[in-house]
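# Breakdown of the fold
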Amino acid sequence: MSSNAAAASTAREARRQSLAAGLSRTRDRIDAAVQACGRVDRPTLVVVTKFFPASDIDLLAELGVREIGESRDQEAADKIARLDPATTVDVHFIGQVQTNKAASVARYAHVVESVDRARLVHALDRAAAVAGRRLDVLLQISLDGSPGRGGVMPAQARPLADLVGECEHLRLRGVMAVAPLGADPRRAFADLREVGHGLQEAHSEATWISAGMSGDLEAAIAEGATHLRVGSAILGSRQSLG
Ligand SMILES: *Cc1c(COP(=O)(O)O)cnc(C)c1O
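All values reported here derive from a predicted model rather than from experimental measurement.

Rules behind the numbers
Residues numbered from 1 in each chain as written. Predicted model: local features only at pLDDT ≥ 70, side-chain atom pairs only at ≥ 80, totals over all residues. Heavy atoms only, no water. Helix = DSSP H or I, 4+ residues; strand = E, 2+ residues; numbered from the N terminus. Rg over C-alpha atoms; globule rule 2.2 N^0.38 Å. Buried < 20%, exposed > 50% of the residue type's maximum accessible area, 1.4 Å probe, protein only. Salt bridge = Lys/Arg side-chain N within 4 Å of Asp/Glu carboxyl O. Axes fitted to C-alpha atoms, helices over the stretch in contact; angles between N-to-C directions. Parallel < 35°, antiparallel > 145°, perpendicular 65-115°, else oblique. Left-handed = near helix turned anticlockwise from the far one by under 90°. Contact = heavy atoms within 4.5 Å. Nonpolar A, V, L, I, M, F, W, Y, C, P; charged D, E, K, R; others polar. Core = buried A, V, L, I, M, F, W, Y, C linked by side-chain atoms within 4.5 Å. Near = heavy atom within 4 Å. Polar contact = N/O pair within 3.5 Å; in protein donor to acceptor, adjacent residues only side chain to side chain. Areas by Shrake-Rupley, 256 points an atom, 1.4 Å probe, with all protein chains shown as cover.

### Remarks on the overall build of the chain
The secondary structure content of the chain amounts to nine helices and eight strands. In terms of overall dimensions, the chain is globule-like: its C-alpha atoms have a radius of gyration of 18 Å, near the 18 Å expected for 242 residues. For the chain, the spread of C-alpha atoms along the three principal axes comes to 60 × 45 × 30 Å. The 242 residues of the chain split such that 50% are buried.

### Describing the pattern of salt bridges
All told, the structure shown has 15 salt bridges when counted by the stated rule. Note that Arg158 and Asp162 form a salt bridge whose closest N and O atoms lie 3.1 Å from each other. Within this pair, Arg158 and its partner Asp162 are both found in helix H6 (residues 157-165), separated by four residues, close to a single helical turn.

### Regarding the packing of helix H1 (residues 3-36) against helix H2 (residues 54-62)
Two numbers describe how H1 lies on H2: the axes approach to 10 Å, and their chain directions differ by 60 degrees. Looking at the two axes, H1 sits oblique to H2. Between H1 and H2 lies a crossing of right-handed hand. Listed contacts from H2 to Arg12, Arg15, Arg16, Leu19 and Leu23 of H1 are Ser55, Asp56, Leu59, Leu60 and Glu62. Class assignment of the residues belonging to the contact of H1 with H2 gives a composition of four nonpolar, one polar and five charged.

### Considering the nonpolar core
Leu139 and Ile141 are the most contacted members of the largest nonpolar core, which has 69 residues in total. A total of six residues in this core trace back to one element, the largest contributor, which is helix H5 (residues 118-131). The residues touching Leu139, leaving out its near neighbours within four places in the chain, are Glu113, Val115, Ala157, Leu160, Ala161, Val164, Leu172, Gly174, Val175, Met176 and Leu199. Grouped together as the second largest cluster of nonpolar side chains are six residues, Val48, Ile94, Leu138 and Met176 included.

### Focus: the site of the ligand
By nearness alone, every residue bordering the ligand is listed as Val48, Lys50, Ile94, Val178, Met213, Ser214, Arg229, Val230, Gly231 and Ser232. Ser214 places a polar side-chain atom, nitrogen or oxygen, 2.5 Å from an oxygen atom of the ligand. Contact between the ligand and Arg229: a nitrogen atom at 2.9 Å from a side-chain N or O atom of the residue. Expressed as a share of its isolated accessible area of 380 Å², the protein-covered part of the ligand is 81%. Within the shell around the ligand, the residues separate by chemical class into five nonpolar, three polar and two charged.

### Comments concerning the environment of Ala222
Mapped onto the fold, Ala222 is located in helix H8 (residues 217-222). Along the chain, Ala222 and Arg133 lie 89 residues apart, while their C-alpha atoms are 34 Å from each other. Once residues within four sequence positions are removed from consideration, Ala222 is found in contact with Cys37, Arg186 and Arg193.

As structure tokens, then:
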């Protein structure tokens, strides 16, 4: 092995250990929170890999991660094209989707968690049809009373859910939210849960509640989150793409 190759292999091994440690700490936190509130089910961990290179996704897959989250189309598409062929992960798109990016997102995403407007629903349905796929969809709910930062207002969730329900190439699976800055996350996630339960009356498959990030996953678990989106607690703080 050349010394360059040896150095790369050492760096990769160090990174693997760091990711394994982050995963293990996070899984311990999840277990403790699940126990503390007496839940019998365990939420699905979606590891958010935005800002980190494709090689990290390969390592995470080797460590047993099956679901990753990405928030920018260009970055996600580039990285997915560079994954090791042995890496099989489901991609959750968790960032705001510009309508003109729907065609690209529909080619690689399995779940689009950030659906918040009718135009995007139509664009994703058409794009999924062209890609010959069916996409799982979550409605992103705005919990801070102002729709500016993305998300549909709770009162508008039902008509948007009904619209998704009419789309042949989309499947409504539930709701997603980010706790508003400065608010009590437990309160916010309780509101999210209520919105999600409301949708289930007419949409029986809409059982997913995506809530909780590195800083507030315990609150999300206590309020019934089925999916957690955890980035920095596993991958560290933001790194530029290498
Ligand atoms: C970045 C991001 C996360 C992960 O946040 P961390 O604090 O790094 O765990 C979760 N959800 C969304 C929508 C994000 O953009």
